[in-house]
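Geometric and topological summary
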Amino acid sequence: PLPLPPPPGFNSNPSVATSPPVDLALLEHFKTYIAFLSTLSELTQHNIGTAITKHFEDLFLMSALGPSLLQPLDIGAASTTLYVREAAPLFSSNLQRLFLSFLIGDFTGPERPDEEGEHFIRATLIRRMTAPSEVLATATCRLFSALIGMHDRHALDNLVMRNLASGRYRIDETPEGPNPAQPILKQTLNAQDFNPETRYDPQKSIPRCL
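Just so you know, these numbers come straight off a predicted model, no measurement behind them.

Scanning the protein from N- to C-terminus turns up nine helices and two strands. Listing the helices and strands of the protein from first to last along the sequence gives α-α-α-α-α-α-α-β-β-α-α. Here the protein holds 210 residues, and the buried ones make up 43% of them. Counted over contacts in the protein with a minimum sequence separation of 6, partners at least 24 positions apart contribute 63%. Summed over its atoms, the accessible surface of the protein is roughly 11,900 Å², and 57% of this surface lies on carbon and sulfur atoms.

Printed below as a string of structure tokens:
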């Protein structure tokens, strides 16, 4: 697995239970690599962008990131998770879609209880938010927070809106009948429209549980 450190801002003191070891030089090298790949993926000359995108999917996501993220060692998995969290904002539009699909899948429509087995990485990350290891649980929660903060419609639909549509958090009915607040909720969600030009702040609209 890749020796992936957490992002800056985490205490590098090995005695701090929630902080994996930090190698800032390696982290900056990795972020530079992701930024370079993102730039190349947008080139159209001689199919360079297509080749880079294929390289990113086959050699990085499938061969490197997947095994490192799913490794059984909590400290290694936590380091990888934090490493990915730092790189997430750097992906170009071409690579971001592949990155999100790899982590959380392409699910649409209301979330189903039986879909956990359809995307192993997404299900594993969700379970890790309540892992016995505080290091791993904290890293995973912060990763999900970063994904929601990317202001990407696919990420918001996949991680937030599908839960509302599934009825897990129904507020449209009360024991006394329809909830009068429901039209206000629908109006608020439609007004957001997940416009990438709007600086949507998920912490103001989503319960701060991550």
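Still to come is the rest of the account.
So, on to the packing of aromatic side chains. A ring pair, where both rings are aromatic, is described by two values, the distance of the centres and the angle of the planes. The final tally for this structure, using the stated rule, is seven aromatic pairs. Ring centres of F30 and Y33 lie 6.5 Å apart, and the angle between their planes is 35 degrees; on these two criteria the pair is classed as tilted. Pair noted here: F30 and Y33 are both in helix 1 (residues 24-41), with a separation of three residues, about one helical turn. Judged by relative accessible area, F30 falls into the buried class, the value being 9%. Here Y33 falls in the partly exposed class, since its relative accessible area comes to 30%. Judged by centre distance (5.3 Å) and plane angle (25 degrees), the ring pair of F56 and F60 falls under stacked. Taken together, the positions of F56 and F60, both in helix 2 (residues 48-69) and four residues apart, correspond to about one turn of that helix. Accessibility classification places F56 together with F60 in one group, the buried group.

So, on to the packing of helix 2 against helix 3 (residues 74-87). Close contact between helix 2 and helix 3 brings their axes to 8 Å; oriented N to C, the two are set at 130 degrees. In terms of orientation, helix 2 and helix 3 fall into the oblique class. Each of L65, S68 and L69 in helix 2 lies in contact with helix 3, whose residues at this interface are A77, T80, T81 and V84. Across the contact of helix 2 with helix 3, the residue classes break down as four nonpolar, three polar and no charged.

A pair of packed helices is characterised by two quantities: the angle between their axes and the separation of those axes. Relative orientation of the contacting elements helix 4 (residues 93-104) and helix 5 (residues 120-128) amounts to 65 degrees, with a least axis distance of 5 Å. For the element pair helix 4 / helix 5, the angle class is roughly perpendicular. When helix 4 is examined against helix 5, the residues F102, L103 and I104 are found in contact with a partner set consisting of I121, R122 and L125. Residue composition of the contact of helix 4 with helix 5, grouped by class: five nonpolar, no polar and one charged.

About the criteria used
Residues numbered from 1 in each chain as written. Predicted model: local features only at pLDDT ≥ 70, side-chain atom pairs only at ≥ 80, totals over all residues. Heavy atoms only, no water. Helix = DSSP H or I, 4+ residues; strand = E, 2+ residues; numbered from the N terminus. Buried < 20%, exposed > 50% of the residue type's maximum accessible area, 1.4 Å probe, protein only. Contact = heavy atoms within 4.5 Å. Areas by Shrake-Rupley, 256 points an atom, 1.4 Å probe, with all protein chains shown as cover. Phe/Tyr/Trp six-rings, centres within 6.5 Å; stacked < 30°, edge-to-face > 60°. Axes fitted to C-alpha atoms, helices over the stretch in contact; angles between N-to-C directions. Parallel < 35°, antiparallel > 145°, perpendicular 65-115°, else oblique. Nonpolar A, V, L, I, M, F, W, Y, C, P; charged D, E, K, R; others polar.

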